[in-house]
Amino acid sequence: MTDGRAFGPGTQRYLDGEPSPALGSGAEPSPGERAAADRLIALARAYAEGLEPVSAAMDEAVMAAVRRRGAVPADRGAWRWFVRAHRVSVRPVWMAALAAAAALVVWLAPRRPATGTRAELVVAAASAADTVFVRFELVAPAARSVAVAGSFNGWRPDALPMVRGAAGIWSVTVPLPIGEHRYEFVVDQTRWVTDPTAHAQVDDGFGGRNSVIIVGPKGLVRS
Amino acid sequence: MEPSDGTIVRRVLDGDVEQYRFLVERYRAQFGRYALGLVGDRDAAQDAMQEAFIRAFDALATCRNPDRFGAWFFRILANQCRNVVARRRDVVDLDTVEAAGADRADAVVDRGELAERLEAALARLTLEQREAFVMKHVDGRSYEEMAELLGVGTDALKMRVYRARDTLRELLEDVR
Amino acid sequence: MNGRRMRALVLAVLAAVPAALAAQEGAGAGNVAVRLSARGLPGDLVQRVQRIATDAAAHGVPAEPIADKAIEGWAKHVPAARIVAALRAFADRMTEAGAAVRSGGLARAPGSVIAAAAEAMGGGLKPDEVSSVVRAAPTAEEVAPGLSVAASLTAQGLASRQAVTIVVDAMVHKRPMSQLLDLPSVARSMHDQGMSPGEIGEKLLPHHGDHGPGGEHHGDRNDRPPGPDHPASPVHP
């Protein structure tokens, strides 16, 4: 993986402080390379020397906390597995909002939802067995447009527009395969924002963040 | 002669918590530059280190090999520092940093500014690359030491360091 | 709404949503340039990405995830130089990930598994932790989801070793994949109820008698780090 800007292998070894190859063997760095390498070392040295050390006052702050505790806490050992197998449930308030919103909300149920206070988001039976409908929501009353773009639609900002509902809540429901998905919302076609309700936010590798959800066969829990 | 890590840990576990100070001093000296180089901001690095020492104390009973407290503590510190950096990346506007650097390209750069330029460039590396570069060139560790502390093979570490060097070279080409 | 009408609506939605549901396996490095050009990436950037992908493929690293990442960067208006730097780092991470996956016993892992391992390592999992998950997975199909779940729990604030222990234990005890895939949701709702990552980790860790969690881990050269090894509050935008 080289292009003009990368250090050659000989220079990397030189920077590693390894003994130089025999003169004329062709593996030693060119003068230009060597100068660039030396510059980098000098910079690192200047940086290191410029670092103001962590002060000894920190020791006292640590000891103050240690003294407050009095003694090392005991090792708590084994813990129990608390997670029971359970159906993922959706709260009725959420369901009412679904019905009221203009958004297209579709789910498949092999039976009618049970009467009573709880409804269930059930795996779609007619489509692919491992596809689940997932609802994305963003509260953005001031936005003129919101869309969702992610690993499931090639990061196209225009492919999944969301619909504005009551109280400025934008939403869309999308069929997704089970597993991990990364995405962001695109607000007003220019601003990429993460989803505060996602399972996690991760580095996207470009200095920004992606939201991550992991979709199980029973759908997502949203509180 | 100074007592070993294992001796101090056992004394602390037996109830003499004041002894913990020796570990704090020892590993502030050993790993302080790592924290500073990785976090970049002296106050934040100090906070991260402080927090790491306190967590290490709280978990001291789970340290299975007291004679290797240092390596065990390093993991706690590394996690703490990485979390600080990850959280800060949400806030730092990298474009501002880049623009400021470009403005100074033609000016005479003194040592303070040099360090700032490198800091800005380091912030553009991935966390692992920055960590590897700092350990190699700011801390001056060997690949074997780094492998021991990070639990990653030397080949992978070399790759990270090489990548970091290439990226830094590109970012800092105009600096003389 | 009766069943038939619902089904018709669903099919209409499925047809209308241009979702990339199918895995893009096996397309290979040659396809990269075509895909990128189709998405509007400029010629010289396409060439640079192609070089990275070809080089990566020669090292056994899958090309498709690299193309996906390039497309992501372009869609987000990331400057070309930064895209290239990110791809090189990603390719490197996939090389490491490939080694970790092979180390866990999966000799010829599909590209999607290596990409999942790379993303997991980017999220904080160590190579030996990746290998643990690979080793524990009952089938090759469960490796990627297992890694994703471990990475997601880690991103939510659990220590990576703790997250991996939870996943490995679930696999070793042959819990259904649906239960595993539910874990990030469960952790998330515990968080929303006000539990700290430490408490969540405690609740999810398996019971191991006197040995404490993480008893079956191999290759742990350093000592087991303490449980609450993470920020006080989970990461939020």
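Being a predicted model, the structure only gives us computed values, none of them experimental.

S.K.: Go over the overall build of chain B with me, naming the residues and quoting the values.
M.R.: A count of helical and extended segments in chain B gives nine helices and zero strands. Reading chain B from its N terminus to its C terminus gives the helix and strand order α-α-α-α-α-α-α-α-α. Residues counted as buried form 48% of the 176 residues belonging to chain B.

S.K.: Go over the overall build of chain C, please, and point to the residues and values.
M.R.: From N to C terminus, chain C includes eleven helices and zero strands. For chain C, the succession of helices and strands along the chain, N to C, is α-α-α-α-α-α-α-α-α-α-α. Within chain C, the fraction of its 237 residues that count as buried is 53%.

S.K.: Could you give an account of helix 3 (residues 57-69) of chain A, naming the residues involved and the relevant values?
M.R.: Residues lying three or four places apart along an α-helix face the same way, a consequence of the helix completing one turn every 3.6 residues. With 13 residues, helix 3 of chain A extends 19 Å from end C-alpha to end C-alpha; this agrees with the ideal 18 Å at 1.5 Å per step. Just past helix 3 of chain A, the residue G70 of chain A takes up positive phi, approximately 85°.

S.K.: Outline the sheet that holds strand 5 (residues 163-164) of chain A, listing residues and values.
M.R.: Residue and element names in this part refer to chain A. Spatial ordering of the open sheet is given by 3-6-5, a layout of three strands whose pairing is antiparallel. Here the strands that pair on one side only, and so sit at the sheet edges, are strand 3 (131-139) and strand 5. Pairing between strand 5 and strand 6 (residues 169-177): two bridges, direction antiparallel. Bridge assignment links R164 to a residue of strand 6, and that residue is W170.

S.K.: Tell me what's going on with the pairing of strand 4 (residues 146-150) of chain A, and back it up with residues and numbers.
M.R.: Residue and element names in this part refer to chain A. Most of strand 4 sits inside the fold, with five of its five residues counted as buried. Burial along strand 4 is two-sided: V146, V148 and G150 facing one way and A147 and A149 facing the other are all buried. For strand 4 and strand 7 (residues 179-187), the ladder comprises five bridges, and the chain directions are antiparallel. In the strand pairing of strand 7, V146 is matched with V187.

S.K.: Describe unusual backbone geometry, and please don't skip the residues or the numbers.
M.R.: Peptide bonds are, in most cases, trans, and in most cases residues other than glycine have a negative phi. Backbone geometry at Q189 of chain A places phi at a positive 60°, although glycine is not the residue there. The residue Q189 of chain A is located in the loop between strand 7 and strand 8 (191-193) in this model. The phi dihedral of H77 of chain C is positive, around 60°, even though this residue is not glycine. When you line up the elements, H77 of chain C lands in the loop between helix 4 (64-75) and helix 5 (80-103).

S.K.: Outline the packing of helix 8 (residues 143-155) of chain C against helix 9 (residues 160-172) of chain C, supporting the account with residue identities and numerical values.
M.R.: Residues and elements named next belong to chain C. Viewed as axis vectors pointing N to C, helix 8 and helix 9 meet at an angle of 145°, and their least axial separation amounts to 8 Å. Crossing angle aside, the handedness with which helix 8 passes helix 9 is right-handed. Packed against helix 8, whose contacting residues are G146, V149, A150, L153 and T154, the element helix 9 presents S160, A163, V164, I166, V167 and M171 at the interface. Split into classes, the residues belonging to the contact of helix 8 with helix 9 amount to eight nonpolar, three polar and no charged.

S.K.: Account for helix 2 (residues 20-39) of chain B, with residues named and values stated.
M.R.: Residues and elements named next belong to chain B. Between its first and last C-alpha, helix 2 extends only 25 Å over 20 residues, short of the 28 Å set by a 1.5 Å rise per residue. Bending of helix 2 peaks at approximately 50° at the position of F31. Looking one or two places after helix 2, you find G40, whose phi comes out positive at around 85°.

S.K.: Give me the confidence of the model for chain C: which residues, what numbers.
M.R.: Residues and elements named next belong to chain C. Mean pLDDT over chain C: 78, with 74% of residues reaching 70 or higher. When pLDDT is averaged over each helix and strand of chain C, the minimum, 51, is found for helix 1 (residues 3-16) and the maximum, 95, for helix 7 (residues 127-136). Note that residues 12-27 has pLDDT below 50 and, in this model, 23 contacts with residues that lie over four places away or in other chains. The ipTM value of the predicted complex is 0.83, and its pTM value is 0.50.

S.K.: Give a description of the nonpolar core that names residues and reports values.
M.R.: One finds I66, A117, V130, V133, A150 and V167 of chain C to be the most contacted residues of the largest nonpolar core, which totals 101 residues. The element that contributes the greatest number of residues to this core is helix 5 of chain C, accounting for twelve residues. Residue contacts for V133 of chain C: discarding those within four places in its chain leaves V143, G146, L147, A150, V164, V167 and V168 of chain C. If you look at the next biggest cluster of nonpolar residues, it comprises 66 residues, including V54 of chain A together with F53, A59 and F74 of chain B.

Parameters and conventions
- Residues numbered from 1 in each chain as written.
- Chains lettered and ligands numbered in written order.
- Predicted model: local features only at pLDDT ≥ 70, side-chain atom pairs only at ≥ 80, totals over all residues.
- Helix = DSSP H or I, 4+ residues; strand = E, 2+ residues; numbered from the N terminus.
- Buried ≥ 20, exposed ≤ 12 C-beta atoms within 10 Å, placed from the backbone.
- Expected span 1.5 Å × (residues − 1).
- Pairing = 2+ DSSP bridges.
- Axes fitted to C-alpha atoms, helices over the stretch in contact; angles between N-to-C directions.
- Left-handed = near helix turned anticlockwise from the far one by under 90°.
- Contact = placed C-beta atoms within 7 Å.
- Nonpolar A, V, L, I, M, F, W, Y, C, P; charged D, E, K, R; others polar.
- Bend = angle between axes of the 7 residues up to and from the residue.
- pLDDT = per-residue confidence, 0-100.
- Core = buried A, V, L, I, M, F, W, Y, C linked by C-beta atoms within 7 Å.

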